[in-house]
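# Examining the three-dimensional arrangement
Spelled out from the first residue to the last, the chains are:
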Amino acid sequence: MGRTVIPYSRQMQYIESSLGQYRRGLRKPDQEIFDELIRTAKLQVQAGVMASSPYPIDIMLLTMMIDLKKEILRLKKESEALRKQE
């Protein structure tokens with residue numbers, strides 16, 4: 001009989017709950033950022049399922065980095081557009 005694989009979404013919930021003490025130790029503004037990063041990872045749950053990594057935290061962190069990179073690129077474009085207006 002094969003092994004039962006825990007669904008990725010449940011693994012994400014486990015990781016989030018295991019980081020609960022860490023989150024409580026953060027300052028309030030940092031807690032809000034932490035929560036936003038977790039939400040970002042949850043938005044890409046389909047990609048995490050497809051990756052089928054034995055270490056779901058890696059996929060969650062990669063998803064967070066992708067989102068941060070998108071934000072950086074958006075801000076760079078806005079900055080360049082503002083410079084061109086000057």
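That block above? That's the structure.
Since we're looking at a predicted model, the values are computed, not measured.

### A closer look at a nonpolar patch on the surface
A grouping of Tyr55, Ile57 and Leu61 is seen on the molecular surface, where their side chains present a nonpolar patch of about 290 Å² in accessible area. Mapped onto the fold, Tyr55 is located in the loop between α4 (45–51) and α5 (56–85).

### Quick word on the nonpolar core
Of all hydrophobic cores here, the largest spans nine residues; its members are Tyr8, Met12, Ile15, Phe34, Ile38, Ala41, Ile59, Met60 and Met64. Looking at this core, the elements that each hand over two or more residues are α1 (8–18), α3 (28–43) and α5. Once residues within four sequence positions are removed from consideration, Ile38 is found in contact with Glu16, Met60 and Met64.

### Remarks on α3
Here α3 is 16 residues long and its end C-alpha atoms lie 23 Å apart, about the 22 Å a rise of 1.5 Å per residue gives. Along α3, the residues classified as buried are Gln31, Phe34, Ile38, Thr40 and Ala41. Check the buried side of α3 and you find it contacts α1, α2 (20–25), α4 and α5.

### Topic: the packing of α1 against α5
Interaxial distance between α1 and α5 falls to 10 Å at its minimum, and their mutual angle equals 85°. Taken together, the axes of α1 and α5 lie roughly perpendicular to each other. Residues Tyr8, Gln11, Met12 and Ile15 of α1 form the contact with α5, whose participating residues are Pro56, Ile57, Ile59 and Met60. Grouping the amino acids of the contact of α1 with α5 by side-chain chemistry returns seven nonpolar, one polar and no charged.

### Re the pattern of salt bridges
Considering all chains together, one arrives at six salt bridges under this definition. The closest approach of N and O atoms between Arg27 and Asp30, which form a salt bridge, is 3.2 Å. Salt-bridge contacts for Lys70 lead to Asp67; the nearest nitrogen and oxygen are separated by 3.9 Å. With a gap of three residues between them, Lys70 and Asp67 both fall in helix α5, about one helical turn apart. Take Asp67: its relative accessible area is 30%, and that puts it in the partly exposed class. Where salt bridges share partners, they join Glu71, Arg74 and Glu78 into one cluster.

### A closer look at the packing of α3 against α5
Contact geometry of α3 with α5 gives a least axis separation of 8 Å together with a crossing angle of 105°. Here α3 lies roughly perpendicular to α5, going by the angle between them. Contact residues: Leu37, Ile38, Thr40 and Ala41 in α3; Met60, Thr63, Met64 and Asp67 in α5. The residue makeup of the contact of α3 with α5, split by class, is five nonpolar, two polar and one charged.

About the thresholds
- Residues numbered from 1 in each chain as written.
- Predicted model: local features only at pLDDT ≥ 70, side-chain atom pairs only at ≥ 80, totals over all residues.
- Heavy atoms only, no water.
- Patch = residues over 30% accessible without salt bridge, like charges linked within 9 Å, V, L, I, M, F, W, Y side chains within 5 Å.
- Areas by Shrake-Rupley, 256 points an atom, 1.4 Å probe, with all protein chains shown as cover.
- Salt bridge = Lys/Arg side-chain N within 4 Å of Asp/Glu carboxyl O.
- Helix = DSSP H or I, 4+ residues; strand = E, 2+ residues; numbered from the N terminus.
- Core = buried A, V, L, I, M, F, W, Y, C linked by side-chain atoms within 4.5 Å.
- Buried < 20%, exposed > 50% of the residue type's maximum accessible area, 1.4 Å probe, protein only.
- Contact = heavy atoms within 4.5 Å.
- Expected span 1.5 Å × (residues − 1).
- Axes fitted to C-alpha atoms, helices over the stretch in contact; angles between N-to-C directions.
- Parallel < 35°, antiparallel > 145°, perpendicular 65-115°, else oblique.
- Nonpolar A, V, L, I, M, F, W, Y, C, P; charged D, E, K, R; others polar.

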